[in-house]
Amino acid sequence: MVQAQESLLDLNAEQLRELALDLIAQIAHQDQQITSLDQTIISKDREILYRQAKIDQLTHEMAVLKRWKFGRSREQLDAGQASLLDETIDADIAAIEQELQDLAPPDKAAKEPRQAPKRTTLPPELPRVELHHEPDSTTCTCGCQLKRIGEDVSEKLDYTPGVLTVQRHVRGKWACSECQTLTQAPVPAQIVDKGLPTSGLLAQVLVAKYSDHLPLYRQEAIFGRSGYPIARSTLAQWVGVCGVQLQPLVDALKKSMFQSAVLHADETPVAMLKPGNKKTHRAYLWAYAPGAFENIKAVVYDFCESRAGEHARTFLGDWSGGLVCDDFSGYKASFGAAITEVGCMAHARRKFFDLHVSNKSEIAQQALTYIGQLYEIEREVKHLSADERGSIRKEKSKPLVDALHQWMLLQRQRITDGTATAKALDYSLKRWVALTRFVNDGRLPIDNNWIENQIRPIAIGRGNWLFAGSLRAGQRAAAVMSLIQSAKLNGHDPYAYLKDVLARLPTQKNSRIDELLPHNWSPLIT
């Protein structure tokens, strides 16, 4: 200490200033390290609290589902309702178990291995296909040649449309006689960890349920006729796990869709059964898709418990662009500086069409003629670029639109308020700016028919998943149907697409997940 003081006395003013600055810098660096460490600790604490809150939420949800499944209230449902509800609850429970497994710390997951499911032996009469998995090298690290001393065999149930087969995965055991090293190829990663189904069988179950609209109790009978009955509770568990595993892909599809400058939106009602009170209420499936002229072909469904406009606002988030939709008030709050309303001429036309059908109105007939001429121009410019389309619209469509507007204003002055004709005219006149926005922007479509076509397949099959049973079940259906319908839009067979995606997804890097999106996907060639 004395020496240090003497050393300081020997320093001149400039040296003392440099020493002071150096000490200040060291203290600042230490403070920064302490702050960074504190932030890391706080971040970890928050993550632990989030995980625990999520685990508590999922555990409570599972307890409620089990009360519904085994409670007396389900006995008051008819057989069809009870069967559909059981499928939903089994799938929900499996989905929650998968989420809980994903949330568990790696060390805890390793200490608590899942109990292997008990299953019957696959029938010997089913065709077998052997898949051999051997090490990349049969030379030991010590330089000796490995010798094959045995093998492990696991069987998976596979399905190609109409035929059940068994995949025998044979993993040879290779040992070194010198250093006693045992080498073996790793177990291929699966969507259902240590489960029975291959990606082909899972794809078949999902496509049959969400595209062909076959409930699981019907699929149970179909598989039984094919040579191996699979309990609907097992099928439901597979559906639940697949829903969780496919969700990141749906999230990536939504993110990709939001790169579009134009979106379509529509919604359709579905009946949802709440087991707690055994009553159905009207839920809604919302659909969103890139504009009809956008390069990306996709559709994303969003299942919500109501038709409240907040669902559209939540889904769209920070996206900005032109939103093509009908006149439903739920979209109105989204319009502003970021989102521009684009009307649907098909809805305006429908008002006049219904009027003409009901009373052969001459005004309706003339309006249909004007609107028909606009659609003739749209057929002409359909396959052109946005700039070319916009140029032709300004040349041909704009004079028609202006003439139609003046004609409607003149006719409205002559029509008594409250009549069907007045209502048809008012519908268009009150929305005229949004209805005719397409004229000045070649990127915009004339109507919302593109998304209505994506809703139609859902309307056909919703009777077979009528009693969604839970918000989770509806969201799972929306996610899987998003991928299936998007695959169809891009010309893919949904079975082939899902089979390949489910096989690749367990080992696909998050940074490359976009490769599996329907508009980017191509089958893996082996």
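Here the structure is shown first, and the text comes after it.
All values reported here derive from a predicted model rather than from experimental measurement.

Caption draft 1: A look at the side chain of Thr436. When you line up the elements, Thr436 lands in the loop between α13 (432-435) and α14 (449-461). From its side chain, Thr436 meets the backbone oxygen of Trp432 in a polar contact 2.8 Å long.

Caption draft 2: Focus on the packing of aromatic side chains. In this structure the tally under the stated criterion is eight aromatic pairs. For the ring pair Phe258 and Phe315, a centre distance of 5.7 Å and an interplane angle of 75° mean the geometry is edge-to-face. Highlighted residues: Phe258 in the loop between α7 (232-257) and β5 (262-274) and Phe315 in helix α8 (residues 309-316), separated in sequence by 57 residues. On the basis of relative accessibility, which here comes to 22%, the residue Phe258 falls in the partly exposed class. Taken together, a centroid distance of 5.8 Å and an interplanar angle of 85° make the contact between Trp286 and Tyr331 edge-to-face. On the criterion of sequence distance, the pair formed by Trp286 in strand β6 (residues 279-290) and Tyr331 in the loop between β8 (321-324) and β9 (339-342) is long-range, its members being 45 residues apart. Tyr331 carries the same exposure label as Trp286, and that label is buried. Three or more aromatic residues link up through ring pairs in this structure, and these residues are Phe258, Tyr288 and Phe315. We note Lys297 situated over the ring of Trp450; from NZ or CZ to the ring centre the distance is 5.1 Å.

Caption draft 3: The environment of Thr198, seen in detail. Along the chain, Thr198 falls in the loop between β4 (182-184) and α5 (199-210). With residues up to four places along the chain from it excluded, the contact list for Thr198 reads Lys156, Leu157, Asp158, Tyr159 and Gln167. Among the polar contacts listed, one links the side chain of Thr198 to the side chain of Asp158, at a separation of 2.5 Å.

Caption draft 4: Here's a closer look at α5. Helix length check: α5 (12 residues) gives 16 Å between terminal C-alpha atoms against 16 Å at 1.5 Å per residue, within 8%. Within α5, 12 of the 12 residues are buried, leaving the element largely enclosed by the surrounding structure.

Caption draft 5: Inspection of unusual backbone geometry at higher detail. In the Ramachandran plot, Lys194 falls in the positive-phi region, its phi being about 60° despite a non-glycine side chain. Along the chain, Lys194 falls in the loop between β4 and α5.

Caption draft 6: Looking closely at the pattern of salt bridges. The tally for this structure, following the rule as stated, stands at 21 salt bridges. Put simply, Glu155 and Arg168 hold a salt bridge, and the shortest N to O gap is 3.4 Å. Note that Glu155 is positioned in strand β2 (residues 147-160) and Arg168 in strand β3 (residues 163-175), a separation of 13 residues in sequence. Where Asp441 meets Arg443, a salt bridge forms, and the shortest distance between an N and an O atom there is 2.9 Å.

Caption draft 7: Local environment of the packing of α5 against helix α6 (residues 216-226). Running from N to C, α5 and α6 cross one another at 135°; their axes reach a closest spacing of 10 Å. Classified by the interaxial angle, the pair formed by α5 and α6 is oblique. Read as a crossing pair, α5 and α6 show a hand that is right-handed. Where α5 abuts α6, its residues Leu201, Gln204, Val205, Ala208 and Lys209 lie against Leu216, Gln219 and Phe223. For the contact of α5 with α6, a count of residues per class yields five nonpolar, two polar and one charged.

Caption draft 8: Broad picture of the side chain of Ser256. Relative to the helices and strands, Ser256 is located in helix α7. Given the relative accessible area of 8%, Ser256 is considered buried. Leaving out residues up to four positions away in the same chain, Ser256 has contacts with Ile296, Leu517 and His519.

Cut-offs and rules
- Residues numbered from 1 in each chain as written.
- Predicted model: local features only at pLDDT ≥ 70, side-chain atom pairs only at ≥ 80, totals over all residues.
- Heavy atoms only, no water.
- Helix = DSSP H or I, 4+ residues; strand = E, 2+ residues; numbered from the N terminus.
- Polar contact = N/O pair within 3.5 Å; in protein donor to acceptor, adjacent residues only side chain to side chain.
- Phe/Tyr/Trp six-rings, centres within 6.5 Å; stacked < 30°, edge-to-face > 60°.
- Buried < 20%, exposed > 50% of the residue type's maximum accessible area, 1.4 Å probe, protein only.
- Lys NZ or Arg CZ within 6 Å of the ring centre and 35° of its normal.
- Contact = heavy atoms within 4.5 Å.
- Expected span 1.5 Å × (residues − 1).
- Salt bridge = Lys/Arg side-chain N within 4 Å of Asp/Glu carboxyl O.
- Axes fitted to C-alpha atoms, helices over the stretch in contact; angles between N-to-C directions.
- Parallel < 35°, antiparallel > 145°, perpendicular 65-115°, else oblique.
- Left-handed = near helix turned anticlockwise from the far one by under 90°.
- Nonpolar A, V, L, I, M, F, W, Y, C, P; charged D, E, K, R; others polar.

The values are spatial; any link to function lies outside them.
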